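# Observations on the three-dimensional arrangement
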Amino acid sequence: LVANETNQCAIIDAGCATPEERQRLYDTIQRNALKPTLLLNTHCHIDHFPGNKFVNETFGLLPQFHAVEYEVMKAALHFRFFFGFDIDESPKPEKFIDEGDVIMLGNTRFDILFTPGHSPGSLSFYSAADKAIFSVHCHNDLGLAVANSLSAVMNGARQVECTINGLGERAGNA
């Protein structure tokens, strides 16, 4: 969740797959008197969209993500039981978003950065005014981890989490 001074909030990567996680999301929104106005996905791997249907049914929001990720999501649904996920399909997106698009959360502007690497249609959401970026992991799945990390820094990111000499969650992370 990201909220602004008007209590509008964006739900980013609603990964809440269980009733308990969904209740926690709902309770947090209610306790803080937030008004969800955006449902965004940085990408659509199986752990990033299980709550989209819940958010849609509860708050009336449709997701927004890169067009390539729609196919990623559909493929993930074929493997959900293999990975032990019993999740619902996400609603179709309200619209597809891409590099250069702008999303407004009240008065907060988020520039959309196309940052493929971990997933072919990965996006990051950058607020220059708040010096904040909401992004995906820079794994080297498509050989672009270093390029994506450098691009993020050149566009204002203040932090890059990286792996040195192939140690860490995955060898070859940026």
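It should be noted that the structure appears before, not after, this text.
Residues numbered from 1 in each chain as written. Predicted model: local features only at pLDDT ≥ 70, side-chain atom pairs only at ≥ 80, totals over all residues. Heavy atoms only, no water.

Further remarks concern the sheet that holds strand β9 (residues 132-134). A sheet is described by the order of its strands in space; here 4 strands give the open sequence β6-β7-β8-β9, paired in antiparallel fashion. In the strand order of this sheet, the two ends are held by β6 (102-105) and β9, each with one partner. If you compare each strand with its neighbour and ignore which way they point, the axes differ by 25° on average. Two elements, strand β8 (residues 123-127) and β9, share 3 bridges in a ladder whose sense is antiparallel. Along β9, the bridge assignment pairs Ser 127 with Ala 132. (Pairing = 2+ DSSP bridges. Helix = DSSP H or I, 4+ residues; strand = E, 2+ residues; numbered from the N terminus. Axes fitted to C-alpha atoms, helices over the stretch in contact; angles between N-to-C directions.)

Glancing now at the side chain of Ser 90. Relative to the elements of secondary structure, Ser 90 occurs in the loop between α3 (68-78) and β5 (95-96). Using a relative accessible area of 5% as the deciding quantity, one classes Ser 90 as buried. Separated by 3.1 Å, the side chains of Ser 90 and Asn 52 make a polar contact. Ignoring sequence-local partners within four residues, the contact set of Ser 90 consists of Phe 49, Asn 52, Pro 63 and Met 73. (Buried < 20%, exposed > 50% of the residue type's maximum accessible area, 1.4 Å probe, protein only. Polar contact = N/O pair within 3.5 Å; in protein donor to acceptor, adjacent residues only side chain to side chain. Contact = heavy atoms within 4.5 Å.)

Quick look at unusual backbone geometry now. Here Asp 13, not a glycine, exhibits a phi torsion of approximately 55°, which is positive. Even without a glycine there, the phi angle at Ala 33 is positive, about 50°. Structurally, Ala 33 can be placed in the loop between α1 (19-31) and β3 (35-40). Relative accessible area serves as the criterion here: at 53%, Ala 33 is assigned to the exposed category.

Orientation of α1 relative to helix α2 (residues 52-59), taken along the N-to-C sense of each, is 40°, at an axis distance of 11 Å. By the criterion of interaxial angle, the relationship of α1 to α2 is oblique. The handedness of the crossing between α1 and α2 is right-handed. The residues of α2 that touch α1, namely those facing Arg 22, Leu 25, Tyr 26, Ile 29 and Gln 30, are Phe 54, Val 55, Thr 58 and Phe 59. (Parallel < 35°, antiparallel > 145°, perpendicular 65-115°, else oblique. Left-handed = near helix turned anticlockwise from the far one by under 90°.)

Tracing the sequence through the fold places Asn 52 in helix α2. Those residues in contact with Asn 52, other than ones at most four positions away along the chain, are Ala 14, Leu 39, Asn 41, Pro 63, Ser 90 and Pro 91.

A few words now on the environment of Glu 21. Along the chain, Glu 21 turns up in helix α1. Judged by its relative accessible area of 30%, Glu 21 is partly exposed. Placed 30 residues apart in sequence, Glu 21 and Gly 51 show a C-alpha to C-alpha distance of 8.8 Å. Ignoring any residue separated from it by four or fewer positions in sequence, one finds Glu 21 in contact with Gly 15 and Cys 16.

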